[in-house]
Amino acid sequence: KRLGRNDISSLRGVDPAEAPEELRCAIDGKLLGAPVLSPYGHVFEEDTLKQWLTTCGSVCPITGKPLREEDCRADATTQQKVL
């Protein structure tokens, strides 16, 4: 089972609002559960990015440059920091 954001917060006893910026989604600021890295260097929660791309089109929410889901990769380094 993949851990969700709420699971990680509960396990770690972390208040997401107090988490370092690099452990929060660049779109909604919530604690990362399944971080993905864009080719532009921004880290997003995977499901949040998917929703953004579906709703807003294939554009990076930070840079405004073209972005597709397949352009991003799982960010294992950030994942380790979150856990």
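Here, every reference points to the structure presented above.
Every value quoted in this text rests on a predicted model; they were computed, and no experiment measured them.

Definitions and cut-offs
- Residues numbered from 1 in each chain as written.
- Predicted model: local features only at pLDDT ≥ 70, side-chain atom pairs only at ≥ 80, totals over all residues.
- Heavy atoms only, no water.
- Helix = DSSP H or I, 4+ residues; strand = E, 2+ residues; numbered from the N terminus.
- Buried < 20%, exposed > 50% of the residue type's maximum accessible area, 1.4 Å probe, protein only.
- Areas by Shrake-Rupley, 256 points an atom, 1.4 Å probe, with all protein chains shown as cover.
- Contact = heavy atoms within 4.5 Å.
- Arc of directions from axis to C-beta.
- Core = buried A, V, L, I, M, F, W, Y, C linked by side-chain atoms within 4.5 Å.
- Salt bridge = Lys/Arg side-chain N within 4 Å of Asp/Glu carboxyl O.
- Pairing = 2+ DSSP bridges.

(A) Examining the overall build of the protein more closely. Within the protein, the secondary structure is distributed over three helices and three strands. The helix and strand sequence of the protein, counted from the amino end, reads α-β-β-α-β-α. Burial status across the protein gives 33% buried among its 83 residues. Accessible surface, the protein as shown: approximately 5,100 Å² in total, 49% of it carbon and sulfur.

(B) Geometry of the side chain of Thr78. For Thr78, the position within the fold is in helix α3 (residues 76-82). With residues near it in sequence (within four places) discarded, Thr78 still touches Glu22, Leu23, Leu32, Pro35 and Val43.

(C) Fine view of helix α2 (residues 46-56). Among all positions of α2, only Thr48, Leu49 and Leu53 are buried. Taken around the axis of α2, the buried residues stretch over an arc of 135°, which confines them to a single face. In α2, the exposed positions angled more than 90 degrees off the buried face are occupied by Gln51, Thr54 and Thr55. Downstream of α2 by one or two residues, Gly57 has phi in the positive range, about 95°.

(D) How the structure looks around the nonpolar core. Formed by 15 residues in total, the largest nonpolar core has its most connected members in Leu32, Val36, Phe44, Leu49, Leu67 and Cys72. Secondary-structure elements contributing two or more residues to this core are β1 (35-37), β2 (43-45) and α2.

(E) Layout of the pattern of salt bridges. Under the defined criterion, the tally for this structure stands at four salt bridges. If you follow the salt bridges from partner to partner, you end up with Glu46, Lys50 and Glu69 in one network.

(F) Spotlight on the sheet that holds β1. On the basis of which strands lie adjacent, the open sheet formed by three strands has the order β2-β1-β3 and antiparallel pairing. The open sheet has two edge strands with one neighbour each: β2 and β3 (73-74). Note: β1 against β2, three bridges, orientation antiparallel. Paired with Val36 across the bridge in β2 is Phe44.

By themselves, these observations are geometric and do not establish any function.
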